[in-house]
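# Geometric and topological summary
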Amino acid sequence: MKKYIYIICGFITFAIGFIGTILPVLPTTPFLLLAGFFFSRSSERFTNWLQQTKMYQFYVSDYVETKSIPRKKKYKMLVNIVILMGISIYFAPIMFVKIILALLMLGILYVLFLVVPDREESYHCNEKNTSHTGN
């Protein structure tokens, strides 16, 4: 029974993460990490499925595997965050909501650029070191 609860929670948090790719107010990455947590407790099949999705590869895999994100990817994320949050701030009908959204955007950018370490661009998460020579 516990396994099925974890699977259901995994799909719910994955769906919320997916919605977060469209709505800038919902953070995508934490929900995908949470989905990974639930799937890892329930099913290797669903864990593998999640890790193969393009969303997981774009938002989570770099950080999960290396605890860092390439600076180039950070700049792409910056553009998306500023555009989407800017649209939300512009259309928010209440000044208080505009201020909260602006503070949220600044907090996200702070964490992205000052807390999460940069990684060298030449390193790829899925590469294996094959430089050793063996007979």
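This text gives an overview of the structure that appears in the document.

What counts and how
- Residues numbered from 1 in each chain as written.
- Predicted model: local features only at pLDDT ≥ 70, side-chain atom pairs only at ≥ 80, totals over all residues.
- Heavy atoms only, no water.
- Salt bridge = Lys/Arg side-chain N within 4 Å of Asp/Glu carboxyl O.
- Helix = DSSP H or I, 4+ residues; strand = E, 2+ residues; numbered from the N terminus.
- Buried < 20%, exposed > 50% of the residue type's maximum accessible area, 1.4 Å probe, protein only.
- Expected span 1.5 Å × (residues − 1).
- Arc of directions from axis to C-beta.
- Contact = heavy atoms within 4.5 Å.
- Phe/Tyr/Trp six-rings, centres within 6.5 Å; stacked < 30°, edge-to-face > 60°.

### A word on the pattern of salt bridges
Overall, the coordinates contain 2 salt bridges when judged by the stated rule. The partner of Asp118 in a salt bridge is Arg71, with the nearest N and O atoms 2.8 Å apart. Taken together, the residues Asp118 in strand S2 (residues 118-119) and Arg71 in helix H6 (residues 71-91) connect sequence positions 47 residues apart. A residue is classified by how much of its surface remains accessible, and Asp118, at 37% relative accessible area, is partly exposed. Arg71 sits in the partly exposed class, given a relative accessible area of 31%. The residue Lys74 makes a salt bridge to Asp118 at a minimum N-O spacing of 2.6 Å. Of the two residues, Lys74 sits in helix H6 while Asp118 sits in strand S2, which places them 44 residues apart along the sequence.

### Looking at helix H7 (residues 95-115)
Think of an α-helix as turning once every 3.6 residues; residues three or four places apart then point the same way. With 21 residues, H7 should cover 30 Å at 1.5 Å per step; its first-to-last C-alpha distance of 29 Å lies within 8% of that length. Buried within H7 are the following residues: Leu101, Met105, Leu109 and Leu112. Buried residues in H7, looked at end-on, bunch into an arc of 70°, giving them a common side. Exposed side of H7, more than 90 degrees from the buried face: Met95, Phe96, Leu103, Leu106 and Leu114 are the residues found there. Of the surrounding secondary structure, the elements contacted by the buried residues of H7 are strand S1 (69-70) and H6.

### Brief notes about the packing of aromatic side chains
Under the criterion given, the structure shown has 11 aromatic pairs. With a centroid separation of 5.0 Å and an interplanar angle of 75°, the aromatic rings of Phe11 and Phe39 are classed as edge-to-face. With Phe11 in helix H1 (residues 2-22) and Phe39 in helix H2 (residues 28-42), this pair connects stretches of sequence that are 28 residues apart. What makes Phe11 partly exposed here is its relative accessible area of 33%. Note on Phe39: relative accessible area 0%, which makes it buried.

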